[in-house]
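Residue-level structural notes
One letter stands for each residue in the lines below.
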Amino acid sequence: MGSTGGASDGNGMSGTAGAAGEGAPGTGRADYEEWVTLNGDRQNIAVLSEDVSNPVILFVHGGPGICDRHWVRHYQSGLAKDYTLVFWDQRGSGKSYTKAVKQSVPQVEQYIQDAKVLVEYLCEKFGQDKIVVAGHSWGTVIGVPLVQRYPQHIAAYISQGQVVNGPENERISYEFCLREAKAAGDEKAIAALEGNGPVEGVYPSAKAMRAQRDCLVRYGGSDYQDRSGLIPSLLIPLVKMEGYKLADIPKYVAGALYLSDVMWPQVVECNYDASARALGVPVLMTVGRHDYNTPFELAEAWFSSLEAPYKEIVWFDDSAHSPIKEEPEKWGRAVEAFLEKVVQR
């Protein structure tokens, strides 16, 4: 597009609060990490809230394997005034990475089921019937079927970098990069791209895909304002922002490289324009006008035909794939305005 075990709740989920014990239901501020077990896999979540009795927003990061708690916290901590923010390092990702993930190729369905169990756990933990799910990029590949199948515990769905149709997504994204490289006379990029385009969304090699993603960043189709290249755009925020320690970075990188490689054929199998024509919860779609990572035109077309109890689309003219950090104040205001309409307190 990252304690000790607690008693199981009977749904494949167990966990305890962090060392400070701040995770108990009630009221008051919370800022801690917690290890939970989702369907047999130990995973890390973080909680940030000025009052844990407030509605919960679960952030489902992109990738696979590109965790985002550091920059969501950095740019959107203001939401913690009125909402309890939960950042989840998914199976094999970030702080949740272990070498065990390489024993077999993880399946998309495992992530959907992990998310289901986590949603149920958060509802119980914070004493709420429903929570808000905010998916970004790969997180929308998880988010759409999660919301579609299990709406009973989901108050609303917030989409950013929405994946709609995998093969079309990559065709448009690749053609954008090649077009921009030719317009810029970038012979090195042209040589890396030509003959290495995706077939049914899958690139001929991991190297070819990374070359395309690097061009995507440098030509403004991933981040419209910061065009520093793929590696700097990922690693520099990890070092500069709160959320991960230096010791976490090798695990973060290992998970991101492995998962994006081995899971990619599954990721691009999604065809939500055909399989997800309706969602049973209110939907907010936040779209960068320059997004060619998950092309904006596909997201707009899907949203136009989507049936939902209530839906909004908000455009970000100075953003590409991540308006949450490219236009953070506007994104935060859009989320707050939407949730004031659809989430009961």
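Notes on the structure in this doc start here. Bear in mind that the values here come from a model prediction, so they are computed numbers and not experimental data.

What follows deals with the overall build of the protein chain. Assigned secondary structure in the protein chain consists of 13 helices and nine strands. For the protein chain, the C-alpha radius of gyration of 19 Å lies close to 20 Å, the compact-globule estimate for 345 residues. For the C-alpha atoms alone, the extent of the protein chain along its principal axes is close to 60 × 40 × 35 Å. When the accessible surface of the protein chain is summed, it comes to about 13900 Å², and 51% of that surface belongs to carbon and sulfur atoms.

With respect to burial, strand E3 (residues 41-49) is a largely interior element, eight of its nine residues being buried. Inspection of the sheet shows strand E2 (residues 30-38) paired to E3 by nine bridges, in the antiparallel sense. What sits directly across from leucine 38, in E3, is aspartate 41. The hairpin turn running from E2 into E3, its antiparallel successor, is two residues long, and asparagine 39 in that turn takes a positive phi close to 50°. Inspection of the sheet shows E3 paired to strand E5 (residues 84-89) by five bridges, in the antiparallel sense. Note on E5: the bridge partner recorded for valine 47 is valine 86.

Let's shift gears to the environment of histidine 136. Looking at the secondary structure, you find histidine 136 in strand E6 (residues 131-136). When residues no more than four places from it in sequence are discounted, the contact partners of histidine 136 are Val60, His61, Gly62, Asp68, Trp71, Gln160, Gly161, His321 and Ser322.

It is worth spelling out unusual backbone geometry at this point. For the bond from glycine 63 to proline 64, the omega torsion is 5°, close enough to zero to count as cis. By secondary structure assignment, the location of proline 64 is in the loop between strand E4 (56-60) and helix H1 (69-76). Even without a glycine there, the phi angle at asparagine 39 is positive, about 50°. Of note, asparagine 39 is situated in the loop between E2 and E3. Relative accessible area serves as the criterion here: at 35%, asparagine 39 is assigned to the partly exposed category. Phi at serine 137 takes a positive value of approximately 60°, unusual for a residue other than glycine.

Inspection of the entire model under this criterion finds seven aromatic pairs. Ring centres of phenylalanine 176 and tyrosine 292 lie 4.1 Å apart, and the angle between their planes is 5°; this geometry places the pair in the stacked category. Of this pair, phenylalanine 176 sits in helix H4 (residues 166-184) while tyrosine 292 sits in the loop between strand E8 (283-288) and helix H11 (296-305), and the two are 116 residues apart along the sequence. With respect to burial, phenylalanine 176 and tyrosine 292 carry one shared label: buried. Linked through ring pairs, Phe176, Tyr292, Phe296 and Trp315 together constitute an aromatic cluster. Of note, lysine 311 hangs over the ring of phenylalanine 303, and the distance from its end group to the ring centre comes to 4.7 Å. Lying over the aromatic face of tryptophan 71, lysine 325 brings its terminal NZ or CZ to 5.4 Å of the ring centre.

Attention now goes to the environment of glutamate 168. Assignment of secondary structure puts glutamate 168 in helix H4. On the accessibility criterion, glutamate 168 (30% relative accessible area) is partly exposed. Here arginine 171 takes part through its side chain, which lies 2.9 Å from a polar atom of the side chain of glutamate 168.

With that settled, the discussion passes to helix H2 (residues 108-125). The terminal C-alpha atoms of H2 lie 26 Å apart, and with 18 residues this matches the ideal 26 Å at 1.5 Å per residue to within 8%. Extensive coverage of H2 is indicated by the burial of 14 of its 18 residues.

Of the voids in this model, the second largest pocket is the one considered here, and its volume is about 300 Å³. As for the second largest pocket, its lining consists of 17 residues, of which Glu33, Arg69, Lys95, Gly243 and Tyr244 are closest to the centre. The dominant element in the lining of the second largest pocket, judged by the number of residues it contributes, is E2, at four residues. Looking at the lining of the second largest pocket, its residues break down into six nonpolar, two polar and nine charged.

In this structure, Leu58, Leu122 and Trp302 are the most contacted members of the largest nonpolar core, which totals 76 residues. Considering each element in turn, this core owes the most residues, ten residues, to H2. Once residues lying within four places of it in the same chain are set aside, the contact partners of tryptophan 302 are Val144, Gln162, Val164, Tyr272, Asp273, Ala276, Leu279 and Met285. Judged by nonpolar contacts, the second largest core, of 28 residues, contains Ala46, Phe87, Ala134 and Phe316.

Now for the pattern of salt bridges. Evaluation of the coordinates by the stated rule reveals 21 salt bridges. Among the salt bridges present, the one from arginine 171 reaches glutamate 175, with a minimum N-O distance of 3.0 Å. With arginine 171 and glutamate 175 both in helix H4 and four residues apart, the pair spans about one turn of that helix. Note on arginine 171: relative accessible area 35%, which makes it partly exposed. Overall, the relative accessible area of 38% leaves glutamate 175 in the partly exposed class. Linking arginine 289 and aspartate 317 is a salt bridge whose minimum nitrogen-to-oxygen distance equals 3.2 Å. Placement of the pair is arginine 289 in the loop between E8 and H11 and aspartate 317 in the loop between strand E9 (311-316) and helix H12 (323-326), with a sequence separation of 28 residues. For arginine 289, a relative accessible area of 34% translates into the label partly exposed. Each of Arg29, Asp31, Glu50, Arg73 and Glu242 takes part in salt bridges that share partners, so that together they form one network.

Each value, and the rule that gives it
Residues numbered from 1 in each chain as written. Predicted model: local features only at pLDDT ≥ 70, side-chain atom pairs only at ≥ 80, totals over all residues. Heavy atoms only, no water. Helix = DSSP H or I, 4+ residues; strand = E, 2+ residues; numbered from the N terminus. Rg over C-alpha atoms; globule rule 2.2 N^0.38 Å. Areas by Shrake-Rupley, 256 points an atom, 1.4 Å probe, with all protein chains shown as cover. Buried < 20%, exposed > 50% of the residue type's maximum accessible area, 1.4 Å probe, protein only. Pairing = 2+ DSSP bridges. Contact = heavy atoms within 4.5 Å. Phe/Tyr/Trp six-rings, centres within 6.5 Å; stacked < 30°, edge-to-face > 60°. Lys NZ or Arg CZ within 6 Å of the ring centre and 35° of its normal. Polar contact = N/O pair within 3.5 Å; in protein donor to acceptor, adjacent residues only side chain to side chain. Expected span 1.5 Å × (residues − 1). 1 Å grid on protein atoms, 1.4 Å probe; cavity = no way out; pocket = protein on both sides within 12 Å on 5 of 7 lines; lining within 4 Å. Points joined across faces, edges and corners; volume = space filled by probe spheres on them. Nonpolar A, V, L, I, M, F, W, Y, C, P; charged D, E, K, R; others polar. Core = buried A, V, L, I, M, F, W, Y, C linked by side-chain atoms within 4.5 Å. Salt bridge = Lys/Arg side-chain N within 4 Å of Asp/Glu carboxyl O.

That's the geometry; what it means functionally is another story.
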